[in-house]
Amino acid sequence: MDTSMSPVLDALLDDLGLQKISDAAAFALGNPFWIVDMNSNYMVQVSGNTNNTRLLTESRQGYVLDDTMLFVQKYRIREQSNAMDTSFTFPSIVDGFQVLTRPIRIGSVIVAYISAIDEHHPFGPDDPEKMDTIARIVSTELSKDSFYRNNKEMQYSYFLQDLLEHHFRHDDMKKRLRTIGYETKEYFYLLTVELASIESRKLVLHTIQEQIKFILTNCIYCLYENHSVFLITTEKELTSQEPPYIRLKRFFAESSLKAAISDSFRDIVLVPRHYKKTLDSLRLGQQSMPGEVLYRYSALASYHALEILDGIISYTDFCNGAIAKLICYDQKHRKELTRTLYCYLECNCQTVPAANALALHSNTMRQRLSKILEITGCDLKNGHQCFDLMMGLKMYYAGANSHSQSNGS
């Protein structure tokens with residue numbers, strides 16, 4: 001075997017996967033190289049340096065462009081290649097270049113095609129033989145039982161990266177989803193796992209991915225900007241009381257990891273917006289609720305609003321007169337009526353759950369509520385008043401925490 005083929009064979013023997021084999025093949029040929037399946041879907045990202053916008057576009061979207069398909073059909077390129085069952089050269093759809101292609105067989109069945117384009121230098125007399133060797137190596141890789149799972153995950157990863165980076169139009173979405181075979185449900189969620197503190201990244205990252213896939217069965221993931229990002233799709237909304245959510249929290253706690261999950265959304269093109277929200281949730285959550293492991297933006301929206309408005313207004317502007325009276329009373333008499341009201345509202349104005357949360361006897365809770373009503377004159381049966389009070393309290397505590405941290409630093 002030509003010694004230039006050694007890196008290609010090494011990629012196979014070291015079980016590095018199809019993409020690494022493709023990269024090594026491009027290096028050995030000195031020209032861009034790619035692999036497509038029988039449905040004209042890219043099985044790898046195009047390997048080697050290329051300025052060919054057609055190749056880059058096709059590789060990025062995961063399938064051959066329609067006019068390329070028509071070109072291949074018109075000149076019966078696949079039929080000629082199959083009949084020869086060896087490397088076959090034909091003029092590229094891009095003027096001035098030649099493409100070297102070859103079918104890949106597993107046994108007697110053609111399963112894919114490998115191709116290279118002479119973008120950097122003309123094909124030499126040894127290149128067809130090199131392509132034959134590469135074809136045997138690729139065939140061996142495709143024969144592995146684990147390949148199809150790994151290849152699908154690779155395509156899922158590219159798809160999610162493209163979503164995060166706005167790399168295709170909305171009208172391409174359905175075709176791309178069909179191409180990668182990902183079935184979407186009613187709701188989407190984005191889960192972002194912080195990886196900055198992880199050592200032995202490769203082994204640990206694989207373990208994290210496998211565990212989360214086991215908990216959230218219908219998800220795809222990618223590594224993006226020092227985070228592991230998961231796109232989840234479900235038939236019903238994923239609340240904090242659902243078993244998968246509880247298992248996720250337990251896993252992150254036991255693994256000493258921090259993560260943020262978005263609220264539900266129904267349009268997949270909103271992935272970048274919700275990714276940004278998960279990043280905000282990770283940052284704000286670790287500042288304001290360091291004991292938590294799984295953050296949700298809806299629980300941190302008041303902190304974010306306060307951060308955005310910092311220097312423009314004071315958090316006390318959000319505290320209506322009722323809350324200001326409670327704060328003043330607590331400071332003067334060393335009581336906890338403000339916290340009691342917050343807990344009561346958080347428990348949907350239910351006395352017993354609020355008493356349990358505060359470790360109070362229910363009678364003590366009723367006495368505190370009576371005092372709160374006396375001081376504030378509020379009607380806690382009025383939904384509008386309860387909303388205003390809760391919003392003000394959230395802003396108050398967010399501001400108090402922020403002020404405390406700035407003093408501590």
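Residues numbered from 1 in each chain as written. Predicted model: local features only at pLDDT ≥ 70, side-chain atom pairs only at ≥ 80, totals over all residues. Heavy atoms only, no water.

Engineer: Got a sec to walk through the overall build of the chain? Specific residues and values, please.
Structural biologist: The secondary structure content of the chain amounts to 17 helices and nine strands. Counting the 409 residues in the chain, one finds 47% classified as buried. At a minimum sequence separation of 6, the contacts of the chain that also span at least 24 residues come to 62%. Surface accessibility of the chain: about 21200 Å² in total, with carbon and sulfur atoms responsible for 52%. (Helix = DSSP H or I, 4+ residues; strand = E, 2+ residues; numbered from the N terminus. Buried < 20%, exposed > 50% of the residue type's maximum accessible area, 1.4 Å probe, protein only. Contact = heavy atoms within 4.5 Å. Areas by Shrake-Rupley, 256 points an atom, 1.4 Å probe, with all protein chains shown as cover.)

Engineer: An account of the sheet that holds strand β8 (residues 259-261) is requested, with residue identities and associated values reported.
Structural biologist: Spatially, β6-β7-β5-β8-β9 is the arrangement adopted by the five strands of the open sheet, whose pairing is mixed. Two strands close off the open sheet at either side, each with one partner strand: β6 (219-224) and β9 (294-296). Between one strand and the next, the sheet's axes are offset by a mean angle of 20°, whatever the strand orientation. Against the sheet, helix α10 (residues 243-255) contacts β5 (187-194), β8 and β9, and its axis sits at roughly 130° relative to β9. Sheet strands touched by helix α11 (residues 271-288): β5, β6, β7 (227-234), β8 and β9. Its angle to β5, the strand with the most contacts, is close to 45°. (Pairing = 2+ DSSP bridges. Axes fitted to C-alpha atoms, helices over the stretch in contact; angles between N-to-C directions.)

Engineer: Now, about the environment of I21: what can you tell me, with residues and values included?
Structural biologist: By secondary structure assignment, the location of I21 is in helix α2 (residues 18-29). Separated by 10 residues in the primary sequence, I21 and A11 place their C-alpha atoms 5.4 Å from one another. Ignoring anything within four residues of it in the chain, the contact list for I21 reads V8, A11, L12, I137, V138 and E141.

Engineer: How would you summarise the packing of aromatic side chains if you had to cite specific residues and measurements?
Structural biologist: Scanning the model with the defined rule gives seven aromatic pairs in all. Judged by centre distance (5.5 Å) and plane angle (40°), the ring pair of Y221 and F230 falls under tilted. No difference in accessibility class separates Y221 from F230, as the two residues are buried. (Phe/Tyr/Trp six-rings, centres within 6.5 Å; stacked < 30°, edge-to-face > 60°.)

Engineer: Could you give an account of the pattern of salt bridges, with specific residues and numbers?
Structural biologist: If you walk through the whole model with that rule in mind, you get 13 salt bridges. Its salt-bridge partner being K185, residue E235 comes within 4.0 Å of it at the nearest N-O pair. Remark: K185 occurs in the loop between α8 (173-180) and β5 and E235 occurs in the loop between β7 and α10; sequence separation between them is 50 residues. We classify K185 as partly exposed; its relative accessible area is 27%. (Salt bridge = Lys/Arg side-chain N within 4 Å of Asp/Glu carboxyl O.)

Engineer: Tell me about the side chain of S47, and name the residues and values.
Structural biologist: Within the secondary structure layout, S47 lies in the loop between β1 (33-37) and α3 (53-61). Overall, the relative accessible area of 1% leaves S47 in the buried class. Each residue touching S47, except ones within four places of it in the same chain, is listed here: Q19, S22, D23, A26, N31, P32 and F33.

Engineer: Before we move on, can you summarise the packing of α2 against helix α6 (residues 127-142) with the specific residues and values?
Structural biologist: For the pair α2 and α6, the least separation of the axes is 11 Å and the interaxial angle reads 175°. Comparing their axes, α6 and α2 come out roughly antiparallel. Here L18, I21, A25, A28 and L29 of α2 come into contact with α6, specifically with D127, K130, M131, I134, I137, V138, E141 and L142. Looking at side-chain class alone, the contact of α2 with α6 contains 10 nonpolar, no polar and three charged residues. (Parallel < 35°, antiparallel > 145°, perpendicular 65-115°, else oblique. Nonpolar A, V, L, I, M, F, W, Y, C, P; charged D, E, K, R; others polar.)

Engineer: Got a sec to walk through α10? Specific residues and values, please.
Structural biologist: Counted at 1.5 Å a residue, the expected span for α10 with its 13 residues is 18 Å, and the 18 Å between its end C-alpha atoms agrees. Residues of α10 that are buried: Y245, L248, F251 and F252. Along the axis of α10, the buried residues cluster in a sector spanning 125°; they form a single face. Facing away from the buried side of α10 by more than 90 degrees, the exposed set consists of P243 and E254. (Expected span 1.5 Å × (residues − 1). Arc of directions from axis to C-beta.)

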